[in-house]
Amino acid sequence: MNPWTNWSQVGSPGKMNESYLKGIFRAIYMRVTVIGTGYVGTVTGACLAFLGHRVTCVDTDASKIEKLRMGESPIYEPGLDKLIALAQERGGIDFQTDLAAPVRESDVIFIAVGTPPLPSGESNLTYLEAAARGIGAAMDARRFRVVVNKSTVPVGSGNLVETLVRDGVTESHPGAGETVRFGVASNPEFLREGSAIHDSLYPDRIVIGAEDDHTISIMRDLYRPLVDQEFVDPSFAPRPESMGRVPVVATTITSAEMIKYSANAFLAMKIGFANEISNVCERVGAEVTEVMTGIGLDKRIGAGFLNAGLGWGGSCFGKDISSLMHTAGEYGYQARLLEASLAVNRLQRQIVIQKLQEKLYILKGRTIALLGLAFKPNTDDLRDAPSLQIVEKLIQMGARVRAYDPIAMDACRAQNPGMRICYCNDALSAAEHADALVVVTEWPEFAELNLTDLAGRMNRPVMIDGRNLFLPEKAREAGFEYSGIGRASRKTGSRIAAEA
């Protein structure tokens, strides 16, 4: 039985059925190193440790490692602190700044470092290259190891990692390089910020790209507890009732790299399509919420990612589309659909300013309240957040900005110390004496606000609902001059949604 399991932490023996116990004895528990304790690395390490593997997370940032040793996550993600604590109590995870020792003891080494965009649109692979060389330098001939690209990397990075690992081996072990055996795999992540634990434990699919069967076999063994779903689900992330066996897609490294970029590009374009249609809806008097409901019921289209709003943000979509466009350009192809997706998203963020001008005419000297700063709910991530561009434009036009976000205000203060924002303790305080209110992030607590009270605190009850969080009729009944995204100015009912 897995020596790191503490049954008191995962559930009573009564929860364990026969298939679960069989899975415990059948599974192969491995020694794993995860390089990088950012979003992907921390979540990946914690989840693999929870499943029973022995994991060491490595980072050059000593302050992050110290926080993790104390059980504190360096990022905000619901349930992650609990998962790290549980893994530590079971003895399945530790955190270090030294790479060499964990690599020598590991069967699988994940590279989960940042690949930020360069001005050209291509990815900065400096951290990836350093990690690959470090892995090679630490390897010996005692065992076969798999080096896994978990970072989102450009097509062809698998070949680059293999070369750099081999370089590291040769430099550290002159004349003995041929005896050091390893395989390279691409294993892209498909995590949504705010739902990362759920997405890791109950994935739609697992994609493994490799050029040899042995590497793929090791990766299948690593993920067997996930594939078979034969683990006790944590109380803070229960298994969906409809959850079955997880599909494994085994491909070449190049195809795995393309799968990640293609998935993000498609999702970004789907959001962009909803936003493009919303702008047409406003002009012809249609309701975008009704239109998206109507087309989303088509199984060929699906309802996901069809919510019109202020556009997408975060660290993935923009960077990945730009990188894919750069790769296409290297091969002489102009990816026009990808170019349009970036352009639509960029323009969508200006709609708030236009709507404020339509309501208030002059923004100079006005006080504008923003509800939400993070690019999406359940995260404090401000990377490429629409809120920051909106704030910059408002300040440039002479407006005063008040803001409230349940989680992201500390991060905003730290990352934007010169940005003139009055941070408020709650949504009602933000609305106090404001000339307009903008819903930027669709936090669930905002949907529960007393709109009449909110409107009563404002100089002028103008609401720009950038996420279509509220029903227009309810907002107007509460006294607001309401304007959503892609919503007609006339009073209409959401008949399709109501009947559904």
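Since we're looking at a predicted model, the values are computed, not measured.

1. A word on the overall build of the protein chain
Here is step 1: A tally of regular secondary structure across the protein chain gives 23 helices and 14 strands.
Here is step 2: Against the 2.2 N^0.38 benchmark of 23 Å for 500 residues, the protein chain shows a C-alpha radius of gyration of 25 Å, consistent with a compact globule.
Here is step 3: Overall, the C-alpha framework of the protein chain stretches about 75 × 60 × 45 Å when taken along its three principal axes.
Here is step 4: Counting every position in the protein chain, which comprises 500 residues, the buried fraction comes to 53%.
Here is step 5: Contacts spanning at least 24 positions in sequence make up 73% of the contacts within the protein chain whose residues lie at least 6 apart.

2. Quick word on the environment of L469
Here is step 1: Assignment of secondary structure puts L469 in the loop between β13 (462-465) and α22 (472-477).
Here is step 2: L469 sits in the partly exposed class, given a relative accessible area of 26%.
Here is step 3: Excluding its chain neighbours within four sequence positions, the residues that come into contact with L469 are V439, E442, W443, F446 and A447.

3. Comments concerning the pairing of strand β4 (residues 108-111)
Here is step 1: Going residue by residue along β4, you find V108 and F110 tucked away on one face and I109 and I111 tucked away on the opposite face as well.
Here is step 2: Two elements, strand β1 (residues 31-35) and β4, share 4 bridges in a ladder whose sense is parallel. Residue pairing in the sheet places V34 in a bridge with F110 of β4.
Here is step 3: Relative to strand β5 (residues 145-149), β4 runs parallel, the two sharing 4 bridges. By the bridge assignment for β5, V108 is matched with V146.
Here is step 4: Crossover handedness for the path β4 to helix α7 (residues 126-138) to β5: right-handed.

4. Let's talk about the packing of helix α3 (residues 39-50) against helix α5 (residues 80-89)
Here is step 1: Between α3 and α5, whose axes approach to 9 Å, the crossing angle comes to 45°. Put simply, α3 runs oblique to α5. Between α3 and α5 lies a crossing of left-handed hand. Seen from α3, the contacting residues are T42, V43, A46, C47, A49 and F50; seen from α5, they are L80, L83, I84, L86 and A87.
Here is step 2: Taken together, the residues of the contact of α3 with α5 break down into 10 nonpolar, 1 polar and no charged.

The rules behind these values
- Residues numbered from 1 in each chain as written.
- Predicted model: local features only at pLDDT ≥ 70, side-chain atom pairs only at ≥ 80, totals over all residues.
- Heavy atoms only, no water.
- Helix = DSSP H or I, 4+ residues; strand = E, 2+ residues; numbered from the N terminus.
- Rg over C-alpha atoms; globule rule 2.2 N^0.38 Å.
- Buried < 20%, exposed > 50% of the residue type's maximum accessible area, 1.4 Å probe, protein only.
- Contact = heavy atoms within 4.5 Å.
- Pairing = 2+ DSSP bridges.
- Right-handed = clockwise from strand over helix to strand, strands pointing away.
- Axes fitted to C-alpha atoms, helices over the stretch in contact; angles between N-to-C directions.
- Parallel < 35°, antiparallel > 145°, perpendicular 65-115°, else oblique.
- Left-handed = near helix turned anticlockwise from the far one by under 90°.
- Nonpolar A, V, L, I, M, F, W, Y, C, P; charged D, E, K, R; others polar.

As far as function goes, none of this settles anything; it's purely spatial.
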